[in-house]
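Commentary on secondary and tertiary structure
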Amino acid sequence: MPSNLSFKTCLFVLIVFKIQAQDVISGARINSLGNTGVALQDAWSMQTNQAGIAALTSPILAISYQNNFLETDIATQGAIFICPFKNNAVGLGLQNYGISAYSEQKISLAYAKRFGKTVFAALSLNAHQVKIVQYGAAKTYSFEAGIQFRPSPKILIGSHISNPARNGYNSEVDARIPTVLEIGAAYEISDRVIFNSGFVKDLEWLTDARFGLEYNALQCLSFRGGVSLNPFRQFAGLGCKWQKLHLDGGASSHPTLGYSPQVSMSYEF
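The notes below deal with the structure included here. (Residues numbered from 1 in each chain as written. Predicted model: local features only at pLDDT ≥ 70, side-chain atom pairs only at ≥ 80, totals over all residues. Heavy atoms only, no water.)

**Focus: the overall build of the protein chain**
As a reminder, the rule being used: Where helices and strands are cited, they refer to DSSP runs of H or I of at least four residues and of E of at least two residues respectively, numbered from the N terminus. Residue contacts follow a heavy-atom distance rule, with two residues in contact if any of their heavy atoms lie within 4.5 Å. For accessible areas, the Shrake-Rupley method is used with a probe of radius 1.4 Å. Any residue's cover is judged against the shown protein chains and nothing else.
Across its full length, the protein chain holds three helices and 14 strands. By sequence separation, contacts in the protein chain at least 24 residues apart represent 46% of the contacts at least 6 residues apart. If you sum the accessible surface of the protein chain, you get close to 12,800 Å²; carbon and sulfur atoms cover 64% of it.

**Description of the pattern of salt bridges**
Threshold: A pair is scored as a salt bridge if a Lys or Arg side-chain nitrogen falls within 4 Å of a carboxyl oxygen belonging to Asp or Glu.
Within the structure shown, the criterion is met by six salt bridges. Because the salt bridges share partners, they merge into one network encompassing Arg29, Asp42, Glu214, Arg224 and Asp248.

**Describing unusual backbone geometry**
For clarity, the threshold we go by: Three labels apply to residues, based on accessible area from a 1.4 Å probe with only protein chains included: buried if under 20% of the type maximum, exposed if over 50%, partly exposed otherwise in between.
Each neighbour pair has its own omega, and for asparagine 230 with proline 231 the value is 0°, a cis peptide bond. Assignment of secondary structure puts proline 231 in the loop between strand E11 (221-229) and strand E12 (232-242). Unlike most non-glycine residues, glutamine 243 shows phi in positive territory, near 55°. Here glutamine 243 lies in the loop between E12 and strand E13 (245-254). Overall, glutamine 243 belongs to the exposed group, its relative accessible area being 67%.

**Brief notes about the side chain of histidine 254**
Operational definition: Throughout this description, a polar contact denotes any pair of N or O atoms lying within 3.5 Å of each other; where both atoms belong to protein, one of them has to be capable of donating a hydrogen while the other can accept it, and for residues adjacent in sequence the pair is counted only when both atoms sit in side chains.
Examined against the element boundaries, histidine 254 turns out to sit in strand E13. A distance of 3.0 Å separates the side chain of histidine 254 from the backbone nitrogen of threonine 256, its partner in a polar contact.

**Here's the deal with the nonpolar core**
The condition that has to hold: For our purposes a nonpolar core is just a set of buried Ala, Val, Leu, Ile, Met, Phe, Trp, Tyr and Cys residues, chained together by side-chain atoms within 4.5 Å.
Core analysis: the largest hydrophobic core is formed by 19 residues, its most contacted members being Trp44, Met46, Ile53, Leu56, Ile80, Ile82 and Ala112. Going through the elements one at a time, strand E1 (60-67), strand E2 (75-85), strand E4 (102-115) and strand E5 (119-132) are the ones with two or more residues in this core. Sequence-distant contacts of alanine 112, that is, excluding residues within four places in its chain, are made with Gln50, Ile53, Ala54, Asn87, Asn88, Ala89, Ala121 and Ala122. Of all hydrophobic cores here, the second largest spans 10 residues; its members include Tyr97, Tyr102, Val130 and Ile132.

The values are spatial; any link to function lies outside them.
Structure below.
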């Protein structure tokens with residue numbers, strides 16, 4: 001850990017970021033779009049709205065790494081595997097967030113189903129663990145549910161809730177699993193441009209509005225940008241495709257804590 005940051009300062013940054021990010025750990029594409037993943041159908045929908053994986057047709061393995069704020073050692077790592085079959089899909093997600101002195105892990109198992117070409121639904125079961133040096137570890141469980149509806153070929157509407165049962169760790173561990181409700185839409189303006197939106201409510205903290213835009217300049221190259229309003233944050237990134245390999249990079253800014261670069265890679269079998 002950098003010498004100019006005390007242990008207490010790092011813990012403060014960890015807690016502030018967790019609260020304001022609503023525990024969303026997605027790939028670089030969704031992050032670059034302002035974390036507007038509730039109405040997208042992407043491999044990283046496994047972390048934002050599991051209903052989106054029901055639209056996938058091939059198995060996908062993906063990994064992601066994010067340096068949360070350049071002046072700290074706080075990092076987020078994630079890995080997912082999606083396996084679709086017929087009108088169904090199952091997904092496995094692994095993620096880790098924190099530093100050596102404080103870390104949070106989450107393992108997710110999701111099942112998603114497609115109903116024709118218009119309705120997609122999913123349920124995810126999660127196991128959580130938090131580790132704090134000199135304090136030990138605690139475990140708990142939660143679940144998430146999501147749905148997406150396509151009223152027309154160019155519009156996709158999504159809704160997602162995480163931890164509706166409001167499960168948490170024991171009273172000895174000062175960490176929480178947020179209960180978050182999100183609704184949003186994606187609109188395909190043209191064959192090359194997609195506009196995304198998301199409206200987020202953390203039942204114990206804040207309300208946020210997010211917007212993102214993706215421009216597919218070439219078949220193999222995309223540019224992305226986004227904003228969130230509470231707090232005001234900016235996002236940008238790009239994506240490259242080469243056959244079945246996808247590479248995505250991006251960065252987000254926080255008005256107080258600075259920049260967080262991220263890179264993701266996925267392979268479609």
